[in-house]
Every structure is written in C-alpha cells, then in structure tokens.
Amino acid sequence: MTTPICPVCNEQLEADSRICTSCKTDLGNIIDIKSDAIYHYNRAVSAFEHNRFHDMFFHARRSFTLLSSTESARLLACASVLVDKFNLGYVLWKKVKNL
C-alpha cells in the first residue's frame, strides 16, 4: 500500500490524518470525496452482480463524477452500454484506452 501524499506540499501524510502536519492544509473534504467515490464504485459493482443495471449506471456515474479514475471510467463505460447509452460508453472506453 502506498503512503498518502499531501496534494499541496507533496509531503507524506500520517495514517488517517485529515490535516497535513507539514503545511497544515485541511484535507478533510478531499478524503470525504474519495471515500464517497469508493462507496459509489462498490455499490455499482454490487448492482452489476445483481443485474440491476440502472442502479449500476447511477452509482458508476456518481463515482466517476467524484473521482475520475481509469477504473471508474471503465465501470461507467460498461454500465453505459448495459443501459443502452452507447455513445457515452464509446467515448469513455476510448478515453480509457488512451490513458
């Protein structure tokens, strides 16, 4: 597991720290957003496992909106195809392939 880095001063953060000890930046909002993105990502995966594709699309879109990662883009692309939003799926898949 990688050690978290402060996005402001690039110093290593202590485990579970919401404030950087080096530059005193409050990282609480960033941590909360990332946590919400992971929550929605996991809900999208769970919805897929239960064949609830519209729920999958909702949570995948929310996850991608909160944290635009390769993984969340790939999940949203797949969810888009499953709910017949082929254009969005195609655009996202091309984006993922270029990363």
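Bear in mind the structure is a predicted one, so any value in this text is a computation, not a measurement. (Residues numbered from 1 in each chain as written. Predicted model: local features only at pLDDT ≥ 70, side-chain atom pairs only at ≥ 80, totals over all residues. Heavy atoms only, no water.)

Engineer: What exactly am I supposed to notice about the packing of aromatic side chains here?
Structural biologist: Working definition: an aromatic ring pair is given by the centre-to-centre distance plus the angle between the planes. Applying the stated rule across the entire model yields 1 aromatic pair. Aromatic pair F48 and F53: ring centres 6.2 Å apart, planes at 45 degrees, arrangement tilted. (Phe/Tyr/Trp six-rings, centres within 6.5 Å; stacked < 30°, edge-to-face > 60°.)

Engineer: Looking at this structure, how should I read the side chain of S72?
Structural biologist: With respect to the secondary-structure elements, S72 resides in helix α3 (residues 70-82). Excluding anything up to four places from it in sequence, S72 contacts Y41, S63, F64 and L67. (Helix = DSSP H or I, 4+ residues; strand = E, 2+ residues; numbered from the N terminus. Contact = heavy atoms within 4.5 Å.)

Engineer: Can you walk me through the nonpolar core in this structure?
Structural biologist: M56, A60 and L76 are the most contacted members of the largest nonpolar core, which totals 14 residues. Elements with a minimum of two residues in this core: α1 (28-49), α2 (53-66), α3 and α4 (86-98). At 5 residues, the largest contribution of residues to this core is made by α3. With residues up to four places along the chain from it excluded, the contact list for L76 reads F57, A60, R61, F64 and L92. (Core = buried A, V, L, I, M, F, W, Y, C linked by side-chain atoms within 4.5 Å. Buried < 20%, exposed > 50% of the residue type's maximum accessible area, 1.4 Å probe, protein only.)

Engineer: Please explain the pattern of salt bridges as it appears in this structure.
Structural biologist: Scanning the entire structure with this criterion turns up 2 salt bridges. Notably, a salt bridge pairs R18 with D32, separated by 3.1 Å at the nearest N-O pair. Taken together, the residues R18 in the segment before α1 and D32 in helix α1 connect sequence positions 14 residues apart. Under the relative-accessibility criterion, R18 is labelled partly exposed at 39%. Measuring nitrogen to oxygen at the nearest pair gives 3.1 Å for the salt bridge that ties R52 to D55. The partly exposed category is assigned to R52, whose relative accessible area is 36%. (Salt bridge = Lys/Arg side-chain N within 4 Å of Asp/Glu carboxyl O.)

Engineer: Even after reading the chapter, I still don't get the packing of α3 against α4, so can you show me in this structure?
Structural biologist: The relative placement of two packed helices comes down to the angle between their axes together with the axis-to-axis distance. It is at 8 Å that the axes of α3 and α4 come closest, and there the two elements cross at 155 degrees. Taken together, the axes of α3 and α4 are roughly antiparallel relative to one another. α3 and α4 meet at a crossing whose hand is left-handed. Residues T70, A73, R74, L76, A77, C78, S80 and V81 of α3 form the contact with α4, whose own contacting residues are F86, L88, G89, L92, W93 and V96. (Axes fitted to C-alpha atoms, helices over the stretch in contact; angles between N-to-C directions. Parallel < 35°, antiparallel > 145°, perpendicular 65-115°, else oblique. Left-handed = near helix turned anticlockwise from the far one by under 90°.)

Engineer: Can you walk me through the side chain of H40 in this structure?
Structural biologist: Of note, H40 is situated in helix α1. For H40, a relative accessible area of 12% translates into the label buried. What H40 contacts, discounting residues up to four positions off in sequence, is H59, R62, S63 and L66.

No statement about biological role is implied by the geometric values presented.
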